[in-house]
Amino acid sequence: MTMGSIGNPKSFQMIPVFLVLFLVSCPAIPAAARTRRIRTLKPCKELVFFFHDIIYDGTNAKNATSVIVAAPVGGDKLKLDGQNHFGDLAVFDDPITLDNNLHSKPVGRAQGFYFYDKKEIFTAWLGFSFVFNSTKHQGSINFAGADPLMNKTRDISVIGGTGDFFMARGVATLMTDAFEGEVYFRLRVDIKLYECW
Amino acid sequence: MTMGSIGNPKSFQMIPVFLVLFLVSCPAIPAAARTRRIRTLKPCKELVFFFHDIIYDGTNAKNATSVIVAAPVGGDKLKLDGQNHFGDLAVFDDPITLDNNLHSKPVGRAQGFYFYDKKEIFTAWLGFSFVFNSTKHQGSINFAGADPLMNKTRDISVIGGTGDFFMARGVATLMTDAFEGEVYFRLRVDIKLYECW
Amino acid sequence: MTMGSIGNPKSFQMIPVFLVLFLVSCPAIPAAARTRRIRTLKPCKELVFFFHDIIYDGTNAKNATSVIVAAPVGGDKLKLDGQNHFGDLAVFDDPITLDNNLHSKPVGRAQGFYFYDKKEIFTAWLGFSFVFNSTKHQGSINFAGADPLMNKTRDISVIGGTGDFFMARGVATLMTDAFEGEVYFRLRVDIKLYECW
């Protein structure tokens, strides 16, 4: 039999070929040959960061990294108030650190906004970017999602990225690492990317 | 001729192999073998929900599910006003139901924000999550996009998901199912996911 | 030797087959056969637009395309002020043009919000959509990301799309093409999609 008979489906033993394809086809081809994209069920990149939010309260202009800019009627924007802060919206530019020390050298900035969005308990919603400009990381990671912050962990989406994080997608797990009254909180963010290019 | 000659491109009959690959290669390999991701032109998951928004107007604190937190200069945040509400921004925590009855048992919460963004007609922009915590669904779906709400249907993006909706992407079609003055509206949301993991 | 021996790995010369697969497998199969999605390292679609933002300052109601709706305590929402406008949030409905002329016929609208988010320098964060409804383009492109606007170019994410831009993902490069005081700016946006369906 010659190779020509590959063209004859009737003489073609599908199952073994299928197995071979199963083993050597798409997943085995170096990703660069298809595109540079890598997708897996295991994260293709994992990163852990902390960021630190100090809300402006009228007395801490120098240290504050976030400020309340919107609130329901009657809100004074100098403190989180109302029913579980429902409706208070803050804009932030928070330092990102590699450990949980506010005074560690920042490796980037977390920039975006959050607002409290439930009357009965504390929950928030976040849209923000991690902006890196260091020898280690260049570029940004963009996030969005609900933050039911009374839960120990909560997942938001990595919706895109640029630079070193070009086209990234994934899930970020937020954990409240510390909070001090209504003025300071620190989040730990475990980023798991499942699409890397 | 032996199989060894597969290595000789000149003796290799490309077209039939190509056809075979065409039929049995990537699309036919069980998704789990590649990754668990499924992508199709047909939705890999379809969901229909309703959510209900009752804007705080100063008199309905108990029932209100959303509140105006930002408005142009002069806006009083107790009613949508100005030119087609241009610039009014609301934060919401709306019940999600399976049918169009406000009083049906909620299956989750729609949490996020919207704002009106055109002077000449009503249009809005939405960023929000569907947050599920039930026996049926766990996790969240994240949305963003323009809502030209005078159109019968309008499409926004599913930009990510967590839990049962891990890494979801798709399109959601919004339809105004009802509205009562400036205080209540109900949206029907037809979610079609084209990336499922 | 018969084709049956393909099933015998020992007699199967893997490397040449691998090379063939490398050449003809997934990337070579017409995208339509897999899904209609195309992913490449080169953009699958490139678009260049300009959009024009005229901020309401209390005197230009007719021409203004954006309005400040939120600001830190003390901000008057009639001008960008404070420390590098930190915390000022604007909602916009800006005309999109194909060239840098504000008076060219718009091909769509850029609708969304931006806010200034750093005390020390000008930086912003944007969430918006390009909304097209013309013979040339129907549908929307959704964007999010950090805009360190003092940089000549800065990248944000294309997080989704609808209509002609169904399921789009990519990167958009922003360039400040012009600005006049605090009232007018024009951005050039180079959109590169890396996922097209």
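A quick note: this is a predicted structure, and the numbers were derived from the prediction, not measured.

Consecutive residues of a regular strand have side chains that alternate between opposite faces of the sheet. Residue and element names in this part refer to chain C. Burial runs high along strand β8 (residues 154-163): 8 of the 10 residues are buried. Note that strand β7 (residues 138-147) and β8 share 6 bridges and pair antiparallel. What sits directly across from A144, in β8, is S157. From the end of β7 to the start of β8, which pair antiparallel, there are 6 residues. Where β8 lies against strand β9 (residues 169-180), 5 bridges are found, and the strand directions are antiparallel.

Right, let's get into the confidence of the model for chain A. Overall, the predicted model of chain A reaches an average pLDDT of 84, with 80% of residues at or above 70. Throughout residues 1-34 of chain A the model reports pLDDT below 50, and contacts reaching past four residues in sequence, or to other chains, amount to 76 contacts.

For the rest of this paragraph, the subject is the state of the cysteines. Residues and elements named next belong to chain A. Inspection of the entire model under this criterion finds 3 disulfides over all chains. Between the sulfur atoms of C44 and its disulfide mate C196 the distance is 2.1 Å. When the S-S torsion is 90°, as for the bridge of C44 with C196, the disulfide is right-handed. Residue C44 is located in the loop between β1 (38-39) and β2 (45-54), and its partner C196 is located in strand β10 (residues 184-196); the two are separated by 152 residues in the primary sequence. Assessed through its relative accessible area of 13%, C196 is described here as buried.

A few words on the pattern of salt bridges. Under the defined criterion, the tally for this structure stands at 24 salt bridges over all chains. Among the ionic pairs, A:D93 bridges to C:K118, the shortest N-O distance being 3.0 Å. Linking A:D93 in strand β4 (residues 89-97) with C:K118 in the loop between β5 (108-116) and β6 (124-133), this pair reaches from one chain into another. Judged by relative accessible area, which is 4%, A:D93 ranks as buried. With a relative accessible area of 13%, C:K118 lands in the buried category. Residue A:E195 is joined to C:R169 by a salt bridge in which the shortest nitrogen-to-oxygen separation is 3.8 Å. Taken together, the residues span two chains, with A:E195 in strand β10 and C:R169 in strand β9. Here A:E195 and C:R169 have matching classes, each one buried. Look at the salt bridges and you will find they share partners, linking A:R169, A:E195, B:R169, B:E195, C:R169 and C:E195 into a network.

About the thresholds
Residues numbered from 1 in each chain as written. Chains lettered and ligands numbered in written order. Predicted model: local features only at pLDDT ≥ 70, side-chain atom pairs only at ≥ 80, totals over all residues. Heavy atoms only, no water. Buried < 20%, exposed > 50% of the residue type's maximum accessible area, 1.4 Å probe, protein only. Helix = DSSP H or I, 4+ residues; strand = E, 2+ residues; numbered from the N terminus. Pairing = 2+ DSSP bridges. pLDDT = per-residue confidence, 0-100. Contact = heavy atoms within 4.5 Å. Disulfide = S-S within 2.5 Å. Salt bridge = Lys/Arg side-chain N within 4 Å of Asp/Glu carboxyl O.

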